[in-house]
Amino acid sequence: MNRTLLLLAAFAITAIVRAQTYFYINEIAVNPQPATEADNISIDLIGGLSSTGASVLSASADVVGSIVTISITAIDVGGLAVIVPHTETLQLNQLPAGTYTIVINGVNVADLAPSPQHLFTVMPGASVCDSLEIVSVQWHAFTDTAIVVHVINENANEIFDYPNFILFDGNGDTLAVETVNFFGIGGESWHVLNLHPDATVPVDPFYGTLQLWTLFTEELSCEWMPFIDLCPPAPCTTIIPNVQNLGGALAIGDYNYALMDADMNSVASGTLTMTSDMQFDADTLCLPPGDYWMACYAAQPPTGGAPWFGVMTPGWIAGPQHPVSFDLPVITPFSFYEPCIDGTNGIEEVIGDPLSILRMGDALRIQRADGAPLGMVELFDAQGRLIGSVQGSGSTVDFDVAGASSGVLVVRAGGQSVRCVIMN
């Protein structure tokens with residue numbers, strides 16, 4: 001009788017020990033992404049150990065067909081009961097092209113990673129996706145029902161026939177889908193993805209999945225898992241007030257416009273001109289997210305055509321438009337990045353003064369502290385009007401500010417914006 005009780009107790013203790021969890025897997029990351037047949041692929045199991053005495057005793061990966069089985073055992077020899085961050089990395093080396101499923105076979109291990117992270121794709125050969133640069137994934141500037149993907153294709157030989165993008169959140173739920181609208185991706189383009197009716201869009205920056213499909217959503221061509229901030233970087237982003245002729249005859253003359261904030265304070269103004277050779281004119285400004293008004297009126301009687309004014313962002317992403325008035329100014333309201341008005345731009349990355357600005361006589365010198373190329377550098381006045389821009393191939397560029405008015409200027413380069421004050 002006593003022997004039987006002892007055996008039952010031993011079995012119970014063994015069951016309790018086996019039921020313990022010493023390593024919690026919260027994320028699975030496959031590197032690199034997207035992967036090709038030429039890549040040495042690895043898998044990171046990212047999570048936490050149950051105490052300071054817990055560790056991974058053994059871990060291995062076995063690939064059979066399209067199944068990657070990870071056998072992993074965790075132990076705990078006793079320690080302070082706090083969660084200790086831990087990443088376990090397993091090497092898979094090169095794999096044939098295809099879609100793979102990750103299966104966790106764990107002892108004292110809890111697999112809590114989202115379901116989509118248990119799947120990954122290996123592309124055949126050198127990935128054509130390497131030629132695609134995803135510049136940004138952001139809200140549509142003038143509506144909260146769409147997201148815009150800005151992409152640059154550096155390979156003229158691969159245009160990704162009849163493409164469309166699909167965006168997922170970190171749980172694999174569909175956020176937004178593009179309706180096929182382009183023959184291909186050539187050079188630089190902007191793609192509008194309409195929000196899924198049941199989508200709950202994250203308020204804060206998040207890890208998502210962006211897929212590129214081709215041939216009217218028949219083939220998955222590329223996949224990225226970026227960290228996404230749907231709001232543009234502070235303090236301001238590009239907006240383009242414009243006037244254009246949408247009628248049959250010529251609309252010639254000057255058209256005065258003004259932009260005002262929600263309290264009707266002026267933030268920018270100017271004159272746009274259409275000629276017999278140019279039936280479109282625009283200014284380039286830099287404004288923070290907010291509610292605005294735009295007013296426009298003609299400086300002369302009508303000459304013909306149908307002049308309309310409005311706002312847009314790069315890529316011809318259009319906002320509200322309205323016919324130009326030849327009497328009193330017409331005032332049109334619009335919201336600019338409405339979901340970002342309350343400061344949901346996410347957490348700004350602290351880089352440590354990447355740009356330095358120095359006044360040298362009549363020149364304003366902008367320089368990167370790390371010596372890297374500046375790329376496109378833009379200079380705005382305090383009202384957000386573009387004063388000048390230059391493509392910097394080196395780490396230093398100079399702007400002539402001899403004729404600039406005293407006050408605040410904004411320098412934007414490499415996704416960063418820095419304010420400075422000049423006195424003339």
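Conventions we followed
Residues numbered from 1 in each chain as written. Predicted model: local features only at pLDDT ≥ 70, side-chain atom pairs only at ≥ 80, totals over all residues. Heavy atoms only, no water. Core = buried A, V, L, I, M, F, W, Y, C linked by side-chain atoms within 4.5 Å. Buried < 20%, exposed > 50% of the residue type's maximum accessible area, 1.4 Å probe, protein only. Contact = heavy atoms within 4.5 Å. Pairing = 2+ DSSP bridges. Helix = DSSP H or I, 4+ residues; strand = E, 2+ residues; numbered from the N terminus. Axes fitted to C-alpha atoms, helices over the stretch in contact; angles between N-to-C directions. Polar contact = N/O pair within 3.5 Å; in protein donor to acceptor, adjacent residues only side chain to side chain. Disulfide = S-S within 2.5 Å.

> Would you explain the nonpolar core in this entry?
In a soluble, globular protein the nonpolar side chains are often hidden away together inside. One finds F165, F334 and F336 to be the most contacted residues of the largest nonpolar core, which totals 49 residues. Contacts of F334, omitting those with residues within four sequence positions, involve F142, I239, L259, G290, D291, Y292, W293, M294, V311 and P320. Core analysis: the second largest hydrophobic core is formed by 26 residues, I28, A54, V68 and A74 among them.

> Help me understand the sheet that holds strand β14 (residues 188–195) in this model?
In a beta sheet, neighbouring strands are held together by backbone hydrogen bonds and run either parallel or antiparallel to one another. Read across the sheet, seven strands follow the order β10-β11-β14-β13-β12-β16-β17 without closing on themselves; strand pairing throughout is antiparallel. The sheet terminates laterally at β10 (132–139) and β17 (219–224), the two strands that pair on one side only. The average undirected angle you get between the axes of adjacent strands in this sheet is 25°.

> How should the side chain of S189 be read in this particular structure?
Position of S189 among the secondary structure elements: in strand β14. Looking at S189, the relative accessible area reads 9%, which means it is buried. Only 2.8 Å separates the side chain of S189 from the side chain of H191, close enough to count as a polar contact. What S189 contacts, discounting residues up to four positions off in sequence, is V149, H150 and V151.

> Help me understand the environment of Q117 in this model?
With respect to the helices and strands, the residue Q117 is situated in the loop between β8 (109–111) and β9 (119–123). Taking C-alpha positions, Q117 is 9.0 Å from T101, a pair spaced 16 residues apart along the chain. Apart from the residues lying within four places of it in its own chain, the contact partners of Q117 are N26, E27, I28 and I102. A distance of 2.7 Å separates a polar atom in the side chain of Q117 from the backbone nitrogen of I28.

> I keep staring at the state of the cysteines and nothing clicks. Help me out?
Cysteine pairs can be linked by a disulfide, which is a covalent bond between their two sulfur atoms. Scanning all chains against the criterion turns up three disulfides. The disulfide partner of C129 is C222, and the S-S distance across this bridge is 1.9 Å. The disulfide joining C129 to C222 has a torsion of about -95° about its S-S bond and is therefore left-handed. Separated by 93 residues along the polypeptide, C129 in the loop between β9 and β10 and C222 in strand β17 bring together distant segments of the chain. Each member of the pair, C129 together with C222, is buried.

> I would appreciate a short explanation of the pairing of strand β5 (residues 67–76) in the present structure.
The side chains of a regular strand alternate, residue by residue, between the two faces of the sheet. Here 10 bridges tie strand β4 (residues 54–64) to β5, and the two strands are oriented antiparallel to one another. Looking at the pairing, V63 lines up with V68 of β5. What sits between β4 and β5 in their antiparallel hairpin is a turn of two residues, with G65 showing a positive phi close to 65°. In terms of strand pairing, β5 meets strand β7 (residues 98–107) through seven bridges, oriented parallel. Within β7, the residue paired with I67 across the bridge is T101.

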